[in-house]
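# Architecture and fold: a report
Here is how the chains run, residue by residue.
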Amino acid sequence: MTGTARSVGVEEELMLVGHDGNPVPRARDVLDSAEPADGPLEHELMEEQLETATPPLTTLEEIATAIREGRAGAQAAADRHGARIAALGTSPLVFDGTTVDKLRYLSARAEFGLTAREQLTSGCHVHVAVADDTEGVAVLDRIGPWLAPLLALSVNSPYWTGVDSGYASFRSQVWSRWHTAGPTRRFGTPEAYHAAVESLLATGTILDEGMIYFDARLSARYPTVEIRVADVCLSADTATLLAALARGLVETAARAADSPAPDVPVEILRTALWRAGRSGLSGDLVDPRTWRPAPAHDVVGALVDHVRDALVDLGDLDAVTELLGGLWSGGDGASRQRSWAAEADGDLAVVARRAADATLE
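The name given to the protein chain in an unreviewed UniProt entry is Putative glutamate--cysteine ligase 2, and the organism recorded there is Promicromonospora vindobonensis. The Function (unreviewed entry) field of the UniProt record for the protein chain holds the comment "ATP-dependent carboxylate-amine ligase which exhibits weak glutamate--cysteine ligase activity." Per its UniProt entry, the protein chain bears the Catalytic activity (unreviewed entry) comment "L-cysteine + L-glutamate + ATP = gamma-L-glutamyl-L-cysteine + ADP + phosphate + H(+)".

Given below as structure tokens:
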């Protein structure tokens, strides 16, 4: 694609919680009574979740506004049923997930057991436009090393079933139980990518193509690369930052399509993602330039340097710099949740309620 900014769409999975902070299974009721002004809302696997989606947009200002409008619309719909939305990657409190009463979801619950029953996890998926599958696969082959830093920026799920998991993103651990989730090898051509998808379908171990849960994939519905690695971000500002950097990565990769793609072993990519989910911005990350540990601040800086030309051309660099500054000063979602828990003497209901407040800030 040349001559225009790539469009971006952001999908956010949001938790439905009661005023006591506990997850509540009200998605069907919320969706049944939703009004056009609430914006596009969809089911997820669990009744305790909603998904919002922005339209394809090109300016960062439009994207930021649409993310906030999506959250506000979801809250307006949830208000009618005594619920709140909370941008939480996992519930801080113990939960009994309620599978949505649709054949596909019930089939997943029956086939995948505890993996499906415990999937009350919320992510953020960024769609970035590509010209065609050839460009899309060229992008997928080049962005893999930089997906772990994106996860580190988004970490927002330190608690699991009422305890501190020790991870900044425990969602990424729970999500990795799916056998099609995670990083991918270098494909080289669209034919190789689609052959890989067909081979997975042929094993009979997934229900359909919608269960191709790669950290980044060609969308089956839109002409986009879909980057799926991130937790849902506590702050709308962080979600905007994620969208800007994702587009920067796609643009940078597309411009390098005539150069050899890095051939990084999947086990190294997976390990870098584990490190990002474990410590987020609070410790070392695996530096994609060296595959050695480096402070998170340095690795995030390297990510910005990697996409700098694209950010400058898109007019996004100043906004990204400002949004990053706010994230460094205010803390990532996981550190904010832990701070709230400490202030409340470990009362995780307070964490859930404060997350609901922060979702709409």
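There's more to say after this.
To continue, consider the pattern of salt bridges. Within this structure, the stated rule accounts for 23 salt bridges. With a closest N to O distance of 2.7 Å, Arg71 and Glu12 form a salt bridge. Placement of the pair is Arg71 in helix α2 (residues 60-79) and Glu12 in strand β1 (residues 8-17), with a sequence separation of 59 residues. The pair Arg71 / Glu12 is uniform in exposure class, with both members buried. Close ionic contact of Arg255 with Glu251 constitutes a salt bridge, the shortest N to O distance being 2.8 Å. Within this pair, Arg255 and its partner Glu251 are both found in helix α9 (residues 236-255), separated by four residues, close to a single helical turn. Relative accessible area serves as the criterion here: at 44%, Arg255 is assigned to the partly exposed category. Overlapping salt bridges bring together Arg6, Glu135, Glu251, Arg255 and Asp313 as one network.

Let us look at the side chain of Arg228. Turning to its location among the elements, Arg228 is positioned in strand β9 (residues 224-231). A distance of 3.1 Å separates polar atoms of two side chains, one belonging to Arg228 and the other to Glu226. If near-sequence neighbours (up to four positions away) are discounted, Arg228 is found in contact with Cys124, His125, Trp175, Tyr213, Phe214, Asp215 and Arg217.

Rules of the game
- Numbers given to residues run from 1 along each chain, matching the order in which its sequence is written.
- Per-residue local features are limited, in this predicted model, to residues with pLDDT of at least 70; the limit for side-chain atom pairs, both in listing and counting, is 80 or more; totals at the level of whole chains, interfaces and linings are taken over all residues.
- As a rule here, side-chain values cover all heavy atoms of the structure and leave hydrogens and water aside.
- UniProt positions are given in the numbering used here, feature names are shortened, and annotations may be inferred rather than shown by experiment.
- Here, a salt bridge means any Lys or Arg side-chain nitrogen found within 4 Å of an Asp or Glu carboxyl oxygen.
- Working definition: helices are DSSP H or I runs of at least four residues, strands are E runs of at least two. Numbering for both runs from the N terminus.
- Relative accessibility thresholds used throughout: buried, under 20% of the residue-type maximum; exposed, over 50%; partly exposed, between the two (1.4 Å probe, protein chains only).
- Counted as a polar contact is a pair of N or O atoms within 3.5 Å, where, for protein atoms, one must be capable of donating a hydrogen and the other of accepting one, and residues adjacent in sequence contribute only when both atoms are in side chains.
- Residue contacts follow a heavy-atom distance rule, with two residues in contact if any of their heavy atoms lie within 4.5 Å.

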